[in-house]
Amino acid sequence: MSGDSSQGTGYVEKVREEMQSYVNTILSDNEKLRQVLVVLQTDKLRLTEELRAAREQAAAHQAQEEQLHHRLREIGAESESFRSQFAELEAHSANLANLYVASYQLNGTLDRQAVLAAIQEIIVNLIGSEKFGVFECDGPRGELRMVVSLSGAPAETVASYPAVAAVLAGGETWIASPDATEPADAVACVPLKLDGRITGLIVIHRLLAHKAALDALDHELFSLLGTHAATALYCTALHERAPAREVPS
Amino acid sequence: MTKKKILLVDDSATILMMEKMVLAKFPVDLVTASDGEDAVTKAVAERPDLILMDVVMPKMNGFEACRRLREIESTRLTPIIMVTTRGEMENVEAGFGSGCTDYVTKPINAAELLAKVRNYLGEPAAKR
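Note that the structure is predicted; figures quoted are calculated from it, not measured.

**Student:** What should I look at first to understand the interface of chain A and chain B in this one?
**Tutor:** It is common to give the size of an interface as the accessible area lost on bringing the parts into contact. Tallying the contact residues gives 18 residues for chain A and 18 residues for chain B. Between chain A and chain B, roughly 1,600 Å² of surface is buried when both sides are summed, and carbon and sulfur atoms account for 68% of that area. Run the count over chain A and chain B and you get one salt bridge. Here Arg118 of chain B ties to Glu90 of chain A by a salt bridge, and the two come within 2.9 Å at their closest N and O atoms. Taken together, the links from chain A to chain B amount to five residue pairs in polar contact (both at pLDDT 80 or more). Looking at the side of chain A that touches chain B, the elements with two or more residues in it are α1 (2-107) and α2 (112-127) of chain A.

**Student:** I'm lost on the pattern of salt bridges in this one. Help?
**Tutor:** Oppositely charged side chains can form a pair if their charged atoms are brought close together. On inspection of all chains with the given rule, the structure shows 25 salt bridges over all chains. Two residues, Arg71 of chain A and Glu78 of chain A, come together in a salt bridge whose shortest N-O distance is 3.9 Å. Overall, Glu78 of chain A belongs to the partly exposed group, its relative accessible area being 39%. For Asp38 of chain B, the salt bridge is made with Lys42 of chain B, and the minimal N-O distance between the two is 3.5 Å. Taken together, the positions of Asp38 of chain B and Lys42 of chain B, both in helix α2 (residues 36-46) and four residues apart, correspond to about one turn of that helix. Using a relative accessible area of 22% as the deciding quantity, one classes Asp38 of chain B as partly exposed. With relative accessibility at 28%, the residue Lys42 of chain B sits in the partly exposed group.

**Student:** Just to check I follow, could you spell out the packing of aromatic side chains for this structure?
**Tutor:** How two aromatic rings sit relative to each other is given by the distance of their centres and the angle of their planes. By the definition in use, this model includes one aromatic pair over all chains. Where Tyr100 of chain A meets Tyr104 of chain A, the ring centres are 5.9 Å apart and the plane angle is 35 degrees; that geometry is what we call tilted. Within this pair, Tyr100 of chain A and its partner Tyr104 of chain A are both found in helix α1, separated by four residues, close to a single helical turn. The exposure class of Tyr100 of chain A is partly exposed, given its relative accessible area of 44%. Its guanidinium or amino end placed over the ring of Tyr103 of chain B, Lys116 of chain B lies 5.6 Å from that ring's centre, counting from NZ or CZ.

**Student:** Would you take a moment to explain the sheet that holds strand β4 (residues 188-194) of chain A for this structure?
**Tutor:** Each strand in a sheet pairs with its neighbour through backbone hydrogen bonds, running either in the same direction (parallel) or in the opposite one (antiparallel). All names here are of chain A. The strand order across the open sheet built from five strands is β2-β1-β5-β4-β3, with neighbouring strands paired in antiparallel fashion. Lying at the two open borders of the sheet, with one neighbouring strand each, are β2 (143-150) and β3 (174-175). Looking at chain direction, β4 and strand β5 (residues 197-207) are connected through seven bridges and run antiparallel. Looking at the pairing, Lys193 lines up with Ile198 of β5. Each of β1 (129-138), β2 and β5 is contacted by α2, which is oriented at about 145 degrees to β1, the strand it contacts most. Contacts between helix α4 (residues 162-170) and the sheet are confined to β2, β3, β4 and β5, with β5 contributing the most and set at about 150 degrees to the helix.

**Student:** What is the right way to read the sheet that holds strand β4 (residues 80-84) of chain B from this model?
**Tutor:** Residue and element names in this part refer to chain B. Judged by pairing direction, the sheet is parallel, and its five strands sit side by side in the order β2-β1-β3-β4-β5 without closing on themselves. Where the open sheet ends on each side, the last strands, each with one partner, are β2 (28-33) and β5 (102-105). Each strand of the sheet is rotated relative to its neighbour by a mean of 20 degrees, with strand direction disregarded. Strand direction decides the pairing type here: strand β1 (residues 4-9) and strand β3 (residues 50-54), joined by four bridges, are parallel. Across the sheet, Val9 pairs through a bridge with Met53, a residue of β3. Here α2 sits on the sheet in contact with β1, β2 and β3, set at roughly 150 degrees to β2. Along the sheet, helix α3 (residues 62-71) contacts β3 and β4; its crossing angle with β3, the most-contacted strand, is approximately 150 degrees.

**Student:** Sorry, what's going on with the nonpolar core here?
**Tutor:** Inside soluble globular proteins, nonpolar side chains tend to come together where they are buried. Ranked by size, the top nonpolar core spans 56 residues in total, and within it Ile119, Val134, Ile202 and Ile204 of chain A together with Ile6 of chain B carry the most contacts. With 19 residues, the next largest nonpolar core counts Val31, Val40, Ile80 and Met82 of chain B among its residues.

**Student:** Looking at this model, I keep getting lost on the environment of Cys137 of chain A. Mind explaining?
**Tutor:** Residues and elements named next belong to chain A. Along the polypeptide, Cys137 turns up in strand β1. By relative accessible area, Cys137 is classed as partly exposed at 21%. Sequence separation between Cys137 and Thr109 is 28 residues; the distance between their C-alpha atoms is 22 Å. If near-sequence neighbours (up to four positions away) are discounted, Cys137 is found in contact with Gly142, Glu143, Leu144, Ile198, Thr199 and Gly200.

**Student:** Explain unusual backbone geometry here, please?
**Tutor:** Among all residues except glycine, the phi angle is most often negative; among peptide bonds, the trans geometry is most common. Between Lys106 of chain B and the following residue, Pro107 of chain B, the backbone shows a cis peptide bond with an omega angle of -5 degrees. Note that Pro107 of chain B resides in the loop between β5 and α6 (110-121). Residues other than glycine seldom take positive phi values, yet Asp195 of chain A does so here, at roughly 50 degrees. Structurally, the position occupied by Asp195 of chain A is in the loop between β4 and β5. On the basis of relative accessible area, Asp195 of chain A is assigned to the exposed category, the value being 84%.

The rules behind the values
Residues numbered from 1 in each chain as written. Chains lettered and ligands numbered in written order. Predicted model: local features only at pLDDT ≥ 70, side-chain atom pairs only at ≥ 80, totals over all residues. Heavy atoms only, no water. Contact = heavy atoms within 4.5 Å. Buried area = accessible area lost by both parts, 1.4 Å probe. Salt bridge = Lys/Arg side-chain N within 4 Å of Asp/Glu carboxyl O. Polar contact = N/O pair within 3.5 Å; in protein donor to acceptor, adjacent residues only side chain to side chain. Helix = DSSP H or I, 4+ residues; strand = E, 2+ residues; numbered from the N terminus. Buried < 20%, exposed > 50% of the residue type's maximum accessible area, 1.4 Å probe, protein only. Phe/Tyr/Trp six-rings, centres within 6.5 Å; stacked < 30°, edge-to-face > 60°. Lys NZ or Arg CZ within 6 Å of the ring centre and 35° of its normal. Pairing = 2+ DSSP bridges. Axes fitted to C-alpha atoms, helices over the stretch in contact; angles between N-to-C directions. Core = buried A, V, L, I, M, F, W, Y, C linked by side-chain atoms within 4.5 Å.

Functional significance is not addressed by these values, which are geometric in nature.
Now the structure itself:
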């Protein structure tokens, strides 16, 4: 019996030791798992923080990208505006060049034929007419006398035009209406005026075929011709009447 | 850097002056001739990079001057822009037949002329 008892005690002891060993192993594993858990929780916190930072950065980049797109659109609009302004300035500069050239040609000489040639060149080359006449008012009744013509109608015919009568009566430039259904005798009729008195007329019958209509620059040129051509012709007449006088240098 | 050169050919002082003013913004040398013969002589002597040529001129018209320039080695490839009126435009085919490169119509439209000159000479540097 005592032999059985000692065998039984040994077995229990062995089982207890094994149990203790098993518990120790489990405790050890548990400790390891707790440490892993701590590491994982730390990693999670770090990654969460990194994700938040990355999201913030992405949002900032997106905002910056939107700002850049907005600025790009603004620069595009500014560029378009500058391009448009540049084109306007270029056109304005060209118009001024036209007016300067016309004025220079008219006032650069005291020779009557040169002034008449300048008027003709301005009408042909700057306005673009292929059929016109330039007339001066002569005599006590101010009859029209043709002084320059390019396929233009004679003075007697021109004098019968209603537009010419209107210009002689009112002293204002007449331009044919672009909406006119009937073909007019003239496209434009410009009075040459000196001190408010009409000294002559320019009658433009037809523009060059590729020139569809008169534009703003043509109106400016008419205005310039109306005064400068009259003055230039008057100066040549004065100069002819005083041939002995020298032109001051 | 050598400045480019444009030869302006026209018997009209008005047109020459107008062309000079429109082209003043280009940093180029401008040379003028008043008829076709003068144009051929000056083109050979001056070797311009571009020629603006009127059609109707005394002594030798623009088409004939253009033909002559195409027969001369030094001016064979020089771009020539004919400056024509509508009546002359009917002869544009003849113009191209004589060797011209391009054309503009009178009255000169400054924007059109500048665009064509830029096309053949390139965009000018800003003039100081």
